[in-house]
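Summary of the model geometry
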Amino acid sequence: MSTEKIILGIDPGTTIMGFGLIKVVGKKMQFLQLNELQLSKYDDHYVRLKHIFERTIELIDTFHPDEIAIEAPFFGKNVQSMLKLGRAQGVAMAAGLSREVPITEYSPKKIKMAITGNGNASKEQVAKMLQSLLGLKELPKNLDSTDGLAAAVCHFYNGNKIDTGKSYTGWAAFVKQNEKRVKK
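The following refers to the structure shown. (Residues numbered from 1 in each chain as written. Predicted model: local features only at pLDDT ≥ 70, side-chain atom pairs only at ≥ 80, totals over all residues. Heavy atoms only, no water.)

Once that is clear, we can look at the pairing of strand β5 (residues 103-106). Taken residue by residue, a regular strand's side chains alternate between the two faces of the sheet. The two faces of β5 match: Ile 103 and Glu 105 on one face and Thr 104 and Tyr 106 on the other face are all buried. With 4 bridges joining them, strand β4 (residues 67-71) and β5 adopt parallel strand pairing. Counted as the bridge partner of Ala 69 is Thr 104 from β5. (Buried < 20%, exposed > 50% of the residue type's maximum accessible area, 1.4 Å probe, protein only. Helix = DSSP H or I, 4+ residues; strand = E, 2+ residues; numbered from the N terminus. Pairing = 2+ DSSP bridges.)

So, in structure tokens, the structure goes:
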């Protein structure tokens, strides 16, 4: 008896949100879809966040993923960019949590390491490895969608290991895992 599950991978961004979906049958993964949500046409940051939330809900309602893997924000020098990226990630996570889909965060280095064996690999190297692994005929012009797909594949490779990253199945799980942060 083979187990099946669908993993949605998300590369959050306020200009482009990349996403990819894989189906896992037994111990093999199959490519389902990769795409991106273009957000640069919206001037208002809050409108962009609304579109991220709505598109994530749409993906969940269409594909019914069993799990979501999301790229964690990296620490950069521009505080405003980090704040916006964190908001984008939070909105995507809130969409998943609202549908009670378990979410796991992975650092960009961990994702690159899982796909290429090199935590400092370029976007192009990650995309080429995904193309080889999943038999993709061609790669998209923007590689944000392959970054989202890479998060899903990283999650597949990490299986049920305990140290994969931060994982939450809902608000109750978040509170339980962060008891020291809760005021009593």
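After presenting the structure, the write-up continues.
Here we take up the pattern of salt bridges. A side chain of one charge can pair with a side chain of the opposite charge if their charged atoms are brought near each other. Evaluation of the coordinates by the stated rule reveals 7 salt bridges. The shortest N-O distance in the salt bridge between Lys 123 and Asp 144 comes to 4.0 Å. Of this pair, Lys 123 sits in helix α4 (residues 123-134) while Asp 144 sits in helix α5 (residues 144-158), placing them 21 residues apart in sequence. Since its relative accessible area comes to 17%, Asp 144 is described here as buried. (Salt bridge = Lys/Arg side-chain N within 4 Å of Asp/Glu carboxyl O.)

Taken as a whole, the largest pocket holds about 430 Å³ of empty space. Counting residues per element, the ones that place at least two in the lining of the largest pocket are α2 (79-98), α3 (108-116), α4 and α5. Ranked by the residues each element gives to the lining of the largest pocket, the list is headed by α2, at 4 residues. Taken together, the residues of the lining of the largest pocket break down into 10 nonpolar, 5 polar and 8 charged. (1 Å grid on protein atoms, 1.4 Å probe; cavity = no way out; pocket = protein on both sides within 12 Å on 5 of 7 lines; lining within 4 Å. Points joined across faces, edges and corners; volume = space filled by probe spheres on them. Nonpolar A, V, L, I, M, F, W, Y, C, P; charged D, E, K, R; others polar.)

Next up on the list: the nonpolar core. In this structure, Leu 8, Ile 10, Met 17, Ile 52, Ile 68, Ile 70 and Ile 103 are the most contacted members of the largest nonpolar core, which totals 21 residues. Of all the elements in the fold, those that place two or more residues in this core are β1 (4-11), β2 (16-25), α1 (45-63), β4 and α2. Ranked by residue count, the leading element in this core is α2, at 5 residues. Discounting chain neighbours no more than four positions away, the residues touching Ile 10 are Met 17, Gly 18, Phe 19, Thr 56, Ile 68, Ala 69, Ile 70, Glu 71, Ala 92, Gly 148 and Ala 151. In terms of nonpolar packing, the next biggest core, distinct from the first, is built from 20 residues, Val 24, Tyr 106, Leu 134 and Leu 149 among them. (Core = buried A, V, L, I, M, F, W, Y, C linked by side-chain atoms within 4.5 Å. Contact = heavy atoms within 4.5 Å.)

Purely geometric numbers; function is a separate question.
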